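Here is how the chains run, residue by residue.
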Amino acid sequence: MAGGNERSMKALKEVWKRAENSLCADCGKPDPDWASSTLGVFICLSCSGIHRNIPSISKVKSLKMDYWDDAQVQFLAKHGNAVTKAIYEAHIPIYYYQPTYSDCQVLREQWIRAKYERKDFTEPGKQLPYSDGVKEGILWKRGRDNGQFLPRKFLLSEREGCLKYFTKQDAKEPKINVKIDVINATFQPEKIGNPNGLQITYLKDNKTRNIFVYHESGKEVVDWFNAIRSVQFHYLKVAFPIASDNEIKNRLTRNFLKEGYMEKTGPKQREAFKKRWFTLDHRRLMYFKDPLDAFAKGEVFVGSRENGYSVQKGLPSGTQGNFSWHYGITIVTPDREYLFTCETESDQLEWIRAFTSVINQAMTPQEYAIEAYFKFKS
């Protein structure tokens, strides 16, 4: 910290060391070393960059490199993360997704703007653009066959419990009509190639279907995301009346546990290994020829350890199929073994950690039903 007197520096460090200020007020990242002199919150470097884009609301300074005068230090001492959160996060809807530091830029930016700029959560019962049970608008959707993004009308309805999209704005019949309880949504800016890219997946005949969309406005695409969560929450409240709000919240949209390229061989384990894009969505391991394919080429159910599933590092001795990557993984199921290879050891270890986290969890009754379907299909 350059400049400033010793007393101010000591007082600043004391406020900074409070337990409430040990995590970023906006994303939860440990050890924030920036703060807003106008809001009184301690934030990380990444969130400070977002704050800089709303200078009328927040002025940020480094706690290590910038000078803080006595008045600014006293302001931080009077506020801090706990006091400020109590104001700006007083009435967050249970379904609203609160991003962490591992989430993408658009989610974190709109969370920060919703709190401090729009003050969406400071008063009870405020009407929000994703809370009235209906949302209609245009999203740019990737064509299943040609890969082009074209504007499509989407309609989300809590009353009907579904999401629809139409190929033409004046079309009377939707191209798809999907029940809200089989939908997942997760942001995929890198995969889609747009900072506001959203992947919507749903089950059709117990197979996963992908839709890739974006909107030019970060606020609009995040509103769509939270509108889906809102409709899902209220639908599940009716479907499971004795479940707690937190139990239902945990069943809303989810991020994929792991994605990336691996090589795989066929059931005879003598075929050449082929490079495929894999997505682990809890107990569904799906593989695609291309990351933006609408349908998976195949799916593997990953059950629990107590039901005979395990993951092993390496390939069985004597594996005959040709493979170019040498960091093997074997998934053992009650019926067969699935063999994969990774390009690097770090990829291998990350996949093993992801598989292990799933296998170590007990299966729910619904997952037993899914397992039975996979066995019947095979």
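No experiment lies behind these values; they were computed from the predicted model shown.

A.B. asks: Is there a simple way to think about the sheet that holds strand 4 (residues 134–142) in this case?
C.D. replies: Across a sheet, strands are paired by hydrogen bonds formed along the backbone, either parallel or antiparallel in direction. If you trace the seven strands from one edge of the open sheet to the other, you get 7-6-5-4-10-9-8, paired in antiparallel fashion. Two strands lie at the open edges of the sheet, namely strand 7 (176–179) and strand 8 (183–187), each paired on one side alone. Here the strands of the sheet are splayed against their neighbours by 35° on average, with no regard to which way each runs.

A.B. asks: I'm lost on the UniProt feature "domain: PH" (unreviewed entry) in the chain in this one. Help?
C.D. replies: Within the UniProt annotation, "domain: PH" (unreviewed entry) is assigned to residues 132–233 and 255–360. For the annotated span residues 132–233, helix accounts for 20% and strand for 46% of the residues, and the straight-line distance between the end C-alpha atoms is 12 Å. End C-alpha atoms of residues 255–360 are separated by 19 Å, and the span's content is 14% helix alongside 38% strand.

A.B. asks: Is there a simple way to explain the pairing of strand 10 (residues 207–214) in this structure?
C.D. replies: Consecutive side chains of a regular strand alternate in pointing toward one face of the sheet and then the other. With seven of eight residues buried, strand 10 lies mostly within the body of the structure. Pairing of strand 4 with strand 10, which is carried by two bridges, proceeds in the antiparallel orientation. Across the sheet, the residue bridging to W140 is Y214, located in strand 10. Here strand 9 (residues 198–204) runs beside strand 10; their pairing, made up of seven bridges, is antiparallel. Note on strand 10: the bridge partner recorded for K204 is K207.

A.B. asks: What is the right way to read the domain arrangement of the chain from this model?
C.D. replies: The figure often quoted for interface size is the accessible area lost as the parts come together. Each domain of the chain was delimited in the assignment, giving domain 1 (1–117), domain 2 (134–250) and domain 3 (258–376). Inter-centroid distance (C-alpha atoms) of domain 1 to domain 3 is 42 Å.

A.B. asks: Can you walk me through the UniProt feature "domain: Arf-GAP" (unreviewed entry) in the chain in this structure?
C.D. replies: As recorded in UniProt, the feature "domain: Arf-GAP" (unreviewed entry) lies at residues 6–129. End C-alpha atoms of residues 6–129 are separated by 48 Å, and the span's content is 40% helix alongside 6% strand.

A.B. asks: Even after reading the chapter, I still don't get the packing of aromatic side chains, so can you show me in this structure?
C.D. replies: Aromatic ring pairs are reported here in terms of the distance separating the ring centres and the angle at which the planes meet. In this structure the tally under the stated criterion is 18 aromatic pairs. Aromatic side chains F273 and F323 sit 5.1 Å apart centroid to centroid with 70° between the ring planes, which places their arrangement in the edge-to-face category. You can see F273 sitting in the loop between strand 11 (258–264) and strand 12 (274–281) and its partner F323 sitting in the loop between strand 15 (310–313) and strand 16 (327–332), a full 50 residues away along the chain. Given the relative accessible area of 28%, F323 is considered partly exposed. The interplanar angle of 25° and the centroid separation of 5.6 Å between the aromatic rings of W351 and F355 together place this pair among those described as stacked. Of this pair, W351 and F355 both sit in helix 9 (residues 345–359), separated by four residues, roughly a single helical turn. With respect to burial, W351 and F355 carry one shared label: buried. Three or more aromatic residues joined by ring pairs make a cluster, and in this case those are Y95, Y96, W111, F121 and Y130. The ring centre of W68 lies 4.8 Å from the NZ or CZ of K61, which sits over that ring. Its guanidinium or amino end placed over the ring of Y338, R336 lies 3.8 Å from that ring's centre, counting from NZ or CZ.

A.B. asks: Explain unusual backbone geometry here, please?
C.D. replies: Outside of glycine, negative phi angles account for most residues, and trans bonds account for most peptide bonds. Its identity is not glycine, yet D31 carries a phi of approximately 60°, on the positive side. Within the fold, D31 resides in the loop between helix 1 (6–16) and strand 1 (34–36). A residue is classified by how much of its surface remains accessible, and D31, at 66% relative accessible area, is exposed.

A.B. asks: Please clarify how the nonpolar core should be interpreted in this entry.
C.D. replies: Across soluble globular proteins, nonpolar side chains have a tendency to be buried as a group. Membership of the largest hydrophobic core comes to 55 residues, with the highest contact counts inside it found for I43, F121, L156, I183, F187, L198 and I200. Among the elements that make up this core, the one with the highest residue count is helix 7 (residues 218–239) (nine residues). Not counting chain neighbours up to four residues away, the residues in contact with L156 comprise G133, V134, K135, C162, L163, I180, W224, A227, I228 and V231. Counting residues in hydrophobic clusters, the runner-up holds 23 residues, among them V302, V311, W351 and F374.

A.B. asks: Got a minute to help me understand the packing of helix 1 against helix 3 (residues 70–78) in this structure?
C.D. replies: Axis separation between helix 1 and helix 3 bottoms out at 10 Å; the angle between their running directions is 15°. As the angle between them shows, helix 1 and helix 3 are arranged roughly parallel. Pair helix 1 / helix 3 crosses with left-handed handedness. Between helix 1 and helix 3, the contacting residues are R7, S8, A11, L12 and V15 on the first element and D70, V73, L76 and A77 on the second.

A.B. asks: Is there a simple way to explain the side chain of T330 in this structure?
C.D. replies: Tracing the chain through its elements places T330 in strand 16. Looking at T330, the relative accessible area reads 1%, which means it is buried. A polar atom in the side chain of T330 sits 2.7 Å from the backbone oxygen of G314. With near-sequence residues (within four places) excluded, T330 lies in contact with S310, V311, Q312, G314, L315, P316, E337, Y338 and L339.

A.B. asks: For this particular structure, what's the right way to read the environment of D293?
C.D. replies: Structurally, the position occupied by D293 is in the loop between strand 13 (284–288) and strand 14 (298–301). Note: C-alpha distance between D293 and G321 (28 residues apart in sequence) is 26 Å. The contacts of D293, once residues within four sequence positions are left out, are N210, F212 and F288. Only 2.9 Å separates the side chain of D293 from the backbone nitrogen of D290, close enough to count as a polar contact.

Cut-off values and rules
- Each chain carries its own residue numbering, running from 1 in the written order of its sequence.
- This being a predicted model, a pLDDT of at least 70 is required before a residue's local features are given, and a value of 80 or more before pairs of side-chain atoms are given or counted; all residues contribute to the totals for chains, interfaces and linings.
- Each side-chain value is worked out from all heavy atoms of the structure, with water and hydrogens disregarded.
- One requirement defines pairing of two strands: DSSP has to find at least two bridges between them.
- Where helices and strands are cited, they refer to DSSP runs of H or I of at least four residues and of E of at least two residues respectively, numbered from the N terminus.
- Interaxial angle, 0 to 180 degrees, is taken between N-to-C directions of lines fitted to C-alpha atoms, where a helix line uses only the stretch in contact.
- UniProt positions are given in the numbering used here, feature names are shortened, and annotations may be inferred rather than shown by experiment.
- Note on exposure labels: buried denotes an accessible area under 20% of the residue type's maximum, exposed denotes more than 50%, and partly exposed covers the range between, all computed with a 1.4 Å probe on protein chains only.
- A domain assignment, automatic or from a database, supplies the domain bounds used here.
- Each Phe, Tyr or Trp ring (for Trp, its six-membered ring) is paired with any other whose centre lies within 6.5 Å, and the angle between the two planes then decides the class: stacked below 30 degrees, edge-to-face above 60, tilted in between.
- The criterion is that NZ of a Lys, or CZ of an Arg, lies within 6 Å of the ring centre and within 35 degrees of the ring normal, and then a charge sits over that ring.
- Put simply, buried Ala, Val, Leu, Ile, Met, Phe, Trp, Tyr and Cys residues joined by side-chain atoms within 4.5 Å make one nonpolar core.
- What makes two residues a contact is simply this: any of their non-hydrogen atoms within 4.5 Å.
- Should an angle lie under 35 degrees it is considered roughly parallel, over 145 roughly antiparallel, and from 65 to 115 roughly perpendicular; all remaining angles are considered oblique.
- Crossings are sorted by hand: turned counterclockwise from the far helix by less than a right angle, the near helix makes the crossing left-handed, and turned clockwise it makes it right-handed.
- Polar contact criterion, stated in full: a pair of N or O atoms within 3.5 Å, where within protein one must be able to donate a hydrogen and the other to accept it, and residues adjacent in sequence count only if both atoms are side-chain atoms.

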